[in-house]
Amino acid sequence: MYTVAGHSGGGSLKNMINNNINKLIILLIFMIMISCGGNQRGSDQVVDNTVIKKVDVPEFNRDSAFLFVEKQVDFGPRVPNTKAHTECAKYLGKTLERYTPYVTFQDFRARAFDGTLLNGKNIIASFKPEKKSRILLCAHWDSRPFADYDPDPKNHYKPIDGANDGASGVGVLLEIARILKTHKPRVGVDILFFDAEDYGPHKDDQQQNEADYWGLGSQYWSKNPHVYNYKARFVILLDMVGVSNPQFLMEGFSMHYAPDKVKKVWDIAGEIGYGAYFKYEEGGYITDDHYYINKYKKLPAIDIIHLDPGSSNKSFFPYWHTLRDNMKSIDKEALGIVGQTVLTVVFWE
Ligand code: AHN
Ligand code: ZN
């Protein structure tokens, strides 16, 4: 037999003490709950004797982000000129239209390394389009037509799911779009999904100007932005952000073109508790979509990308450009780390 604490009846001194201890414990739990509530607030910043309020940041939902990744992968490989690609574009557009009325589809044609004419579609969602002060968030939504780094050569011409390489960044940004429907940061935000990032030359096909066959959608947008004279304070690209225990090193072109923006993002990640993943180490130069935004559009653009200079697959995650880049390689925790960091950057701007 036992009595439930606090409900033991009787008026003995022992019971009174027990009751008060229970009240104290409940009070303590409440105080802890209040101080750890879903909203994160950093210590306010003081610049030139002015206190800059660090506003409350909504909570990024990693389960929701995971579902957004899964939805894309369910279409099959999103290779340009395929049905899965067309269907997924519709899904991305429809989903964004639930969160903002300002969705633009930018159709373009681009020649691939092997002469194929690709029908590309960049997809852009804007929040507070009237605001001059803006942040641009992007990721590529297409997936690679070849698993040219698969351990089995029989797979080298099969298309990949691109769960991490493509869908992870888009999933994180769809979750941010969902949040921006109801939570309004001070700045305007654009979310841009680039097409035809990953149709670069096959490993077995040696090319002269190899690099410029990657990032075809971002090259097109950088030379033909969806808005005349488009400006943003800075640009954050997400690429391969979904594997467990991610390691975000400071990518070379990001550091070359926008070192202060890299520092800003890395500092905020550390401030909200993700310093173990955002490392102050250089991680090599990656010709990714942000490179063309810097080079042609001349906006400061950084890449948040998992890098592992010791890895056998260039310096990327172990399943990069293999058939194992599927849903099994996706970790909710990683999506949450990146999502909460980017959301905080946006709300503190
Ligand atoms: C190069 O390997 C030159 N660029 C890699 C960019 C990339 C591919 N990002 C994802 N997949
Ligand atoms: Zn890729």
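Calculation rules
- Residues numbered from 1 in each chain as written.
- Chains lettered and ligands numbered in written order.
- Predicted model: local features only at pLDDT ≥ 70, side-chain atom pairs only at ≥ 80, totals over all residues.
- Heavy atoms only, no water.
- Helix = DSSP H or I, 4+ residues; strand = E, 2+ residues; numbered from the N terminus.
- Buried < 20%, exposed > 50% of the residue type's maximum accessible area, 1.4 Å probe, protein only.
- Contact = heavy atoms within 4.5 Å.
- Areas by Shrake-Rupley, 256 points an atom, 1.4 Å probe, with all protein chains shown as cover.
- Donors = N, O, S within 2.8 Å, 3.2 Å for Na, K, Ca; no water.
- Axes fitted to C-alpha atoms, helices over the stretch in contact; angles between N-to-C directions.
- Parallel < 35°, antiparallel > 145°, perpendicular 65-115°, else oblique.
- Left-handed = near helix turned anticlockwise from the far one by under 90°.
- Nonpolar A, V, L, I, M, F, W, Y, C, P; charged D, E, K, R; others polar.

Undergrad: Summarise the overall build of the protein chain; cite the residues concerned and give the values.
TA: On a plain count of helices and strands, the protein chain comes out with 9 helices and 10 strands. For the protein chain, with 349 residues in total, the buried portion stands at 52%. Sequence separation of at least 24 residues holds for 76% of the intrachain contacts in the protein chain that already meet a minimum separation of 6. Carbon and sulfur atoms make up 54% of the accessible area of the protein chain, which amounts to about 16,600 Å² in all.

Undergrad: Run through the coordination of the zinc ion (ligand 2), naming residues and quoting values.
TA: Around the zinc ion (ligand 2), the donor atoms from the protein are Asp-165 (OD), Asp-198 (OD), Asp-198 (OD) and His-321 (NE2), and they sit 1.9 to 2.5 Å away. Along the chain, the residues that donate to the zinc ion (ligand 2) are spaced as D-x32-D-x122-H. Taken together, the positions of Asp-165 in helix α4 (residues 163-180) and His-321 in the loop between β10 (301-305) and α9 (332-348) put the pair 156 residues apart, joining distant regions of the chain.

Undergrad: Requested: an account of the packing of helix α7 (residues 259-271) against α9, with residues and values cited.
TA: At a minimum axis separation of 9 Å, α7 and α9 run at an interaxial angle of 110°. Viewed along their axes, α7 and α9 adopt a mutual orientation that is roughly perpendicular. For the crossing formed where α7 meets α9, the hand is right-handed. Counted together, Lys-264, Val-265, Ile-268, Ala-269 and Glu-271 of α7 and Thr-341, Thr-344, Val-345 and Trp-348 of α9 form the full contact between these two elements. When grouped by side-chain class, the residues that make up the contact of α7 with α9 number 5 nonpolar, 2 polar and 2 charged.

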